[in-house]
Amino acid sequence: MLRQRGSQVLIAMVIALTATPVLSQSANFGTLTLSPGFSSDEGAAIGTTGGSFSLPSLVNRDRENNPCLGYAEETPDHIIDLEADFNQLQIAVDSGGQDTTLLITGPNGFALCGDDTGASQDASVTRSNFEAGEYKIWVGTINPNQAWNYTLTVRE
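Residues numbered from 1 in each chain as written. Predicted model: local features only at pLDDT ≥ 70, side-chain atom pairs only at ≥ 80, totals over all residues. Heavy atoms only, no water.

A closer look at unusual backbone geometry
Right, on to step 1. Phi at Asn108 is positive, roughly 55°, even though this residue is not glycine.
Right, on to step 2. Of note, Asn108 is situated in the loop between strand 7 (100–105) and strand 8 (111–114).
Right, on to step 3. The residue Asn145 is not glycine, and still its phi comes out positive at about 60°.
Right, on to step 4. If you trace the backbone, Asn145 turns up in the loop between strand 11 (133–141) and strand 12 (149–155).
Right, on to step 5. Owing to a relative accessible area of 56%, Asn145 belongs among the exposed residues under this scheme. (Helix = DSSP H or I, 4+ residues; strand = E, 2+ residues; numbered from the N terminus. Buried < 20%, exposed > 50% of the residue type's maximum accessible area, 1.4 Å probe, protein only.)

In structure tokens form, the structure reads like this:
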């Protein structure tokens, strides 16, 4: 009986430890905490693309019916914690013109996808009415396993 109980406790611990990354998913390159009027330094982060995880498997199309494209790591690259509602935000990638994509998920089923910006192959999105809360951001590439350095910028 005691041995069986010990096995059950061990199994429960293994399940808890393997589930932890899913429950407390952190970002590959950190978190930006932003309040209205944030500085340009507070709204900037750097990272490197890469991975073979298909972003459309997370979100096929966003609320505006834009297709979600690209490949990245399974964990988000960045987390943005908005401490208040924002009337409008622009989130942009600068990789020196490589073919990048964006996937952003947030509160209440929020999903926003971005691809080429104008003549540039770097991705960006601009949207009105961002609610306060946590937003996960994946910076992807059109083809899997492409490693490019980039700067992510968030502007009001």
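What about the packing of aromatic side chains?
Right, on to step 1. Taken as a whole and assessed by the stated rule, the structure comprises 5 aromatic pairs.
Right, on to step 2. Judged by centre distance (5.1 Å) and plane angle (90°), the rings of Phe110 and Tyr135 are edge-to-face. Residue Phe110 is located in the loop between strand 7 and strand 8, and its partner Tyr135 is located in strand 11; the two are separated by 25 residues in the primary sequence.
Right, on to step 3. On the basis of relative accessible area, Phe110 is assigned to the buried category, the value being 6%. (Phe/Tyr/Trp six-rings, centres within 6.5 Å; stacked < 30°, edge-to-face > 60°.)

What to know about the confidence of the model for the protein chain
Right, on to step 1. Confidence in the prediction of the protein chain, expressed as mean pLDDT, is 87, and 84% of residues score 70 or more.
Right, on to step 2. Low confidence marks residues 5–24, where pLDDT is under 50. Its contacts with residues over four positions away, or in another chain, come to 0 contacts. (pLDDT = per-residue confidence, 0-100. Contact = heavy atoms within 4.5 Å.)

Some points on empty space enclosed by the protein
Taking a probe equal in size to a water molecule and rolling it over the atoms shows the remaining empty space.
Right, on to step 1. This structure, assessed with the given rule, holds 1 cavity of 30 Å³ or more.
Right, on to step 2. By volume, the largest cavity is sized at about 30 Å³.
Right, on to step 3. Looking at the lining of the largest cavity, its residues break down into 6 nonpolar, no polar and no charged. (1 Å grid on protein atoms, 1.4 Å probe; cavity = no way out; pocket = protein on both sides within 12 Å on 5 of 7 lines; lining within 4 Å. Points joined across faces, edges and corners; volume = space filled by probe spheres on them. Nonpolar A, V, L, I, M, F, W, Y, C, P; charged D, E, K, R; others polar.)

Here's the deal with the nonpolar core
Right, on to step 1. If you look at the biggest cluster of nonpolar residues, it comprises 23 residues, and the most contacted ones within it are Ile80, Ile91, Leu102 and Phe130.
Right, on to step 2. Taken together, the elements giving at least two residues each to this core come down to strand 1 (31–34), strand 5 (78–82), strand 6 (86–94), strand 7, strand 10 (120–130), strand 11 and strand 12.
Right, on to step 3. Of all the elements, strand 6 adds the most residues to this core, at 4 residues.
Right, on to step 4. In contact with Ile80, other than residues within four places in its own chain, are Leu32, Leu34, Ile91, Gly133, Glu134, Tyr135, Ile137 and Val154.
Right, on to step 5. The next biggest cluster of nonpolar side chains, apart from the first, holds 8 residues, and it includes Leu55, Val59, Cys68 and Leu103. (Core = buried A, V, L, I, M, F, W, Y, C linked by side-chain atoms within 4.5 Å.)

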